[in-house]
Amino acid sequence: MVKLYGFPLSTCTRLVALVCKEKEIPYELISVNLAKGEQKAPEFVAKQPFGQVPYIDDDGFILYESRAISRYLSKKYQGQGTELIPTDPQAEALFEQAASIETFNFNAFVAPIVFEKLFKPFRGLQPNEERVSELLVSLNPKLDAYEVILGKQKYLAGDSVTFADLAHLPYGTAFYQVGFADVFDSRPNLSRWWKDISNRPAWLAVKDGA
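To start, this report covers the structure provided alongside it.

## As for helix α3 (residues 66–76)
Residues spaced three or four apart along an α-helix point in a common direction, a consequence of the helix completing one turn every 3.6 residues. Buried within α3 we find S66, I69, S70, L73 and S74. Along the axis of α3, the buried residues cluster in a sector spanning 130°; they form a single face. Buried residues along α3 sit against β1 (2–6), α1 (11–23), β3 (55–58), β4 (61–64) and α6 (163–166).

## Quick word on unusual backbone geometry
A cis amide bond, omega 0°, links V53 with the succeeding residue P54. Along the chain, P54 turns up in the loop between α2 (42–45) and β3. With phi around 60°, E24 is a residue other than glycine that occupies positive phi space. Note on placement: E24 falls in the loop between α1 and β2 (27–31). Residues other than glycine seldom take positive phi values, yet D59 does so here, at roughly 55°. Relative to the helices and strands, D59 resides in the loop between β3 and β4. What makes D59 exposed here is its relative accessible area of 79%.

## With respect to the pattern of salt bridges
Scanning the entire structure with this criterion turns up 8 salt bridges. Close ionic contact of E116 with K120 constitutes a salt bridge, the shortest N to O distance being 3.1 Å. Of this pair, E116 and K120 both sit in helix α4 (residues 89–122), 4 residues apart, which is roughly one turn of the helix. Accessibility assignment for this pair places E116 and K120 in one class, buried. Note that R187 and D144 form a salt bridge whose closest N and O atoms lie 3.0 Å from each other. Linking R187 in the loop between α7 (169–185) and α8 (188–198) with D144 in helix α5 (residues 129–150), this pair joins segments that are 43 residues apart in sequence.

What counts, and where the lines are drawn
Residues numbered from 1 in each chain as written. Predicted model: local features only at pLDDT ≥ 70, side-chain atom pairs only at ≥ 80, totals over all residues. Heavy atoms only, no water. Buried < 20%, exposed > 50% of the residue type's maximum accessible area, 1.4 Å probe, protein only. Helix = DSSP H or I, 4+ residues; strand = E, 2+ residues; numbered from the N terminus. Arc of directions from axis to C-beta. Contact = heavy atoms within 4.5 Å. Salt bridge = Lys/Arg side-chain N within 4 Å of Asp/Glu carboxyl O.

This is the structure in structure tokens:
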């Protein structure tokens, strides 16, 4: 069984758990207490040298970085559960295109907004509202492009869901919940897509904890 070392509420741990649910992969969560700094303990850093969650132990194979883990599991369990990474060369190229869109046109802006509006207050710090405003100004035209793409197809890589869509869920959900629902809801195609992916049973199973 895959052992997932992570914090149940962390965005990256839940992303890996989401992929496990979609692929019907049994996993054991080994909880890492971030508040106590367990991710910086020598035994943890020996496996994950950056001292970050998550990493997996798959029968002795150690792998960290949530996107790398997700791709590995999606490919290892090809043919089981939801197909998240296509094998046809053109379909895979469209998937890679969509994955790049998520990384550079969504996560690059949404993750720092979530850091300011959610993670900072959790630590007793004040958010930098000027920074949030700057990020939103940059994000909005990116989401306008999403609106165009999703007006032509059901998902970012075509008419089948892929890991590129699911990768939006952990940070996108936090972004939606900290006061930016209208950013999605004001764009009909984006809103339709978001409601689709955010109501998938696999995400509902892990959204409140891996």
